[in-house]
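Observations on the model geometry
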Amino acid sequence: MQTRHDFNKPECPGMDLEKLATHSNGTVFYICRNCRYAGKSESFTKPFHVSEIPQQLQR
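Residues numbered from 1 in each chain as written. Predicted model: local features only at pLDDT ≥ 70, side-chain atom pairs only at ≥ 80, totals over all residues. Heavy atoms only, no water.

A few points about the nonpolar core
We count it as follows: To define a nonpolar core, start from buried Ala, Val, Leu, Ile, Met, Phe, Trp, Tyr and Cys residues and group those joined through side-chain atoms within 4.5 Å. Residue burial is assigned from relative accessible area. The probe radius is 1.4 Å, only protein chains are included, and a residue is buried under 20% of its type maximum, exposed over 50%, and partly exposed in between. Contacts between residues were defined by any pair of non-hydrogen atoms, one from each residue, lying within 4.5 Å.
Counting residues in each nonpolar core, the largest one holds five residues, listed as Cys12, Cys32, Cys35, Tyr37 and Phe44. The contact partners of Cys32, leaving out residues within four places of it in the chain, are His5, Cys12, Gly14, Met15, Asp16, Leu17, Tyr37 and Phe44.

This is the structure in structure tokens:
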């Protein structure tokens, strides 16, 4: 199953995470050193579900 990083940046050779910042509520943000994709930790670890893909791309 693809992660959000893999789905959004399929050309990236692999995740190489660097901690970018920590929000006051405890949310940690990361950036991929390879492709510069950034987001919360869930962006890199949570699977991408088919229901999240726009209908026009599911054909």
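Thoughts on the sheet that holds strand S2 (residues 28-32)
What counts is decided by this rule: Only strands that DSSP links by at least two bridges are regarded as paired with each other. Secondary structure elements follow DSSP: runs of H or I of four or more residues count as helices, runs of E of two or more count as strands, with numbering from the N terminus. For helices, the fitted line uses only the C-alpha atoms of the stretch in contact; every axis is such a line through C-alpha atoms, and the angle between N-to-C directions lies from 0 to 180 degrees.
Spatial strand order, S1-S2-S3: three strands in an open sheet with antiparallel pairing. Where the open sheet ends on each side, the last strands, each with one partner, are strand S1 (17-22) and strand S3 (38-40). Strand-to-strand twist in this sheet, taken as the mean axis angle between neighbours without regard to direction, amounts to 30°.

Section: unusual backbone geometry
Glycine aside, residues mostly have negative phi angles, and peptide bonds mostly take the trans form. A positive phi angle, near 70°, is found at Arg36, a position not held by glycine. Tracing the sequence through the fold places Arg36 in the loop between S2 and S3. With a relative accessible area of 52%, Arg36 lands in the exposed category.

What to know about the pairing of S1
Here S1 runs beside S2; their pairing, made up of five bridges, is antiparallel. Its bridge partner lying in S2, Glu18 is registered against Ile31. Between S1 and S2, which follow one another and run antiparallel, lie five residues, and Gly26 among them has a positive phi close to 100°.

Quick notes on the pattern of salt bridges
Opposite charge on two side chains allows them to pair when their charged atoms are near. To keep things clear, this is the line we draw: We define a salt bridge as a contact between a side-chain nitrogen of Lys or Arg and a carboxyl oxygen of Asp or Glu at a distance within 4 Å.
For the coordinates displayed, the defined rule picks out two salt bridges. Across the salt bridge formed by Asp16 and Arg33, the nearest N and O atoms sit 3.1 Å from each other. Taken as a pair, Asp16 in the loop between helix H1 (4-8) and S1 and Arg33 in the loop between S2 and S3 lie far apart in primary sequence, 17 residues in all. Among the residues examined, Asp16 registers a relative accessible area of 32% and is labelled partly exposed. By relative accessible area, which is 42% here, Arg33 ends up partly exposed. For the salt bridge of Glu18 with Arg33, the shortest nitrogen-to-oxygen distance reads 3.3 Å. Here Glu18 is found in strand S1, whereas its partner Arg33 is found in the loop between S2 and S3, with 15 residues between them in sequence. When salt bridges that share partners are traced, they join Asp16, Glu18 and Arg33 into one network.

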